[in-house]
Amino acid sequence: QVQLVESGGGLVQAGGSLRLSCAASGRTFSSKTMGWFRQAPGKEREFVAAISWSGGRTYYGDSVRGRFTISRDNAKNTVYLQMNSLKFEDTAVYYCAADRGRITSSATYYYADGSYDYWGQGTQVTVSS
């Protein structure tokens, strides 16, 4: 079992920055694909970003590409989401997710929430306009 704990959310003005962290339990973190998703009130869960087990591949949703950066530190069992140039529409609960360590060459794998087996409780990000 893997436990994921997000932190770093909060209230920020539009144009500001936040860095989210997701700490994972377990000894197999380095083998797992990690992702960030978000869900705003009344909307479906949306893919934000994902990173391969080695950090060599990263993927971003269209709405955040160029503003957000995902990274990981396998020595610390932690994945990060650096969010810059925040917009009001970035307001949402942000969730960290991990898969079981599957091997894949499919880019679409990273975007699908069904690919992920473990989810954190979420952290609220509120951007004031």
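Analysis parameters
- Residues numbered from 1 in each chain as written.
- Predicted model: local features only at pLDDT ≥ 70, side-chain atom pairs only at ≥ 80, totals over all residues.
- Heavy atoms only, no water.
- Core = buried A, V, L, I, M, F, W, Y, C linked by side-chain atoms within 4.5 Å.
- Buried < 20%, exposed > 50% of the residue type's maximum accessible area, 1.4 Å probe, protein only.
- Helix = DSSP H or I, 4+ residues; strand = E, 2+ residues; numbered from the N terminus.
- Contact = heavy atoms within 4.5 Å.
- Pairing = 2+ DSSP bridges.
- Axes fitted to C-alpha atoms, helices over the stretch in contact; angles between N-to-C directions.
- Salt bridge = Lys/Arg side-chain N within 4 Å of Asp/Glu carboxyl O.
- Phe/Tyr/Trp six-rings, centres within 6.5 Å; stacked < 30°, edge-to-face > 60°.

**Student:** An account of the nonpolar core is needed here, citing residue identities and associated values.
**Tutor:** For soluble globular proteins, nonpolar side chains are generally found buried alongside one another. Counting 29 residues, the largest nonpolar core has Leu-4, Met-34, Trp-36, Val-79, Leu-81, Met-83 and Tyr-94 as its most contacted members. Elements with a contribution of two residues or more to this core: β3 (18–24), β4 (34–39), β5 (46–51), β7 (68–73), β8 (78–83), β9 (92–98) and β11 (123–128). Val-79 has contacts with Leu-20, Ser-21, Cys-22, Phe-29, Met-34, Trp-36, Ile-51, Ile-70, Ser-71, Arg-72 and Cys-96, leaving out every residue within four places of it along the chain. With eight residues, the next largest nonpolar core counts Phe-37, Ala-97, Tyr-110 and Tyr-116 among its residues.

**Student:** Please provide a residue-by-residue account of the environment of Cys-22, values included.
**Tutor:** Among the secondary structure elements, Cys-22 is positioned in strand β3. On the accessibility criterion, Cys-22 (0% relative accessible area) is buried. As for Cys-22 and Gly-8, which are separated by 14 residues in sequence, their C-alpha atoms are 8.8 Å apart. Excluding residues within four positions of it along the chain, Cys-22 makes contact with Leu-4, Val-5, Glu-6, Met-34, Trp-36, Asn-77, Thr-78, Val-79 and Cys-96.

**Student:** Requested: an account of unusual backbone geometry, with residues and values cited.
**Tutor:** A positive phi angle is found at Asn-77, which is not glycine, with a value near 55°. Topologically, Asn-77 is positioned in the loop between β7 and β8.

**Student:** Can you tell me about the sheet that holds strand β1 (residues 4–7), naming the residues and giving the values?
**Tutor:** As summarised here, the arrangement of the four strands in space is β1-β3-β8-β7, forming an open sheet in which the pairing is antiparallel. With one partner strand each, in any of the chains shown, β1 and β7 form the two edges of the open sheet. In this sheet, adjacent strand axes meet at a mean angle of 15° when their direction is disregarded. As defined by bridge partners, β1 adjoins β3 across four bridges and the pair is classed as antiparallel. Paired with Val-5 across the strands is Ala-23, a residue of β3.

**Student:** Now, about the pattern of salt bridges: what can you tell me, with residues and values included?
**Tutor:** Under the counting rule described, the total for this entry stands at seven salt bridges. A salt bridge links Asp-62 to Arg-65, with the nearest nitrogen and oxygen atoms 2.8 Å apart. Given a relative accessible area of 67%, Asp-62 falls into the exposed group. For Arg-65, a relative accessible area of 43% corresponds to the partly exposed category.

**Student:** Explain the environment of Ile-103 to me, using residue names and the numbers behind them.
**Tutor:** Among the structural elements, Ile-103 can be located in the loop between β9 and α1 (107–111). Sequence spacing of Ile-103 and Arg-38 is 65 residues, and the spatial spacing of their C-alpha atoms is 25 Å.

**Student:** Please provide a residue-by-residue account of the packing of aromatic side chains, values included.
**Tutor:** Applying the stated criterion across every chain yields a total of eight aromatic pairs. Here Phe-47 and Tyr-111 contribute two aromatic rings whose centre-to-centre distance is 4.6 Å and whose plane-to-plane angle is 50°, an arrangement assigned as tilted. Taken together, the positions of Phe-47 in strand β5 and Tyr-111 in helix α1 put the pair 64 residues apart, joining distant regions of the chain. Under the relative-accessibility criterion, Phe-47 is labelled buried at 10%. You can call Tyr-111 partly exposed: its relative accessible area is 34%.

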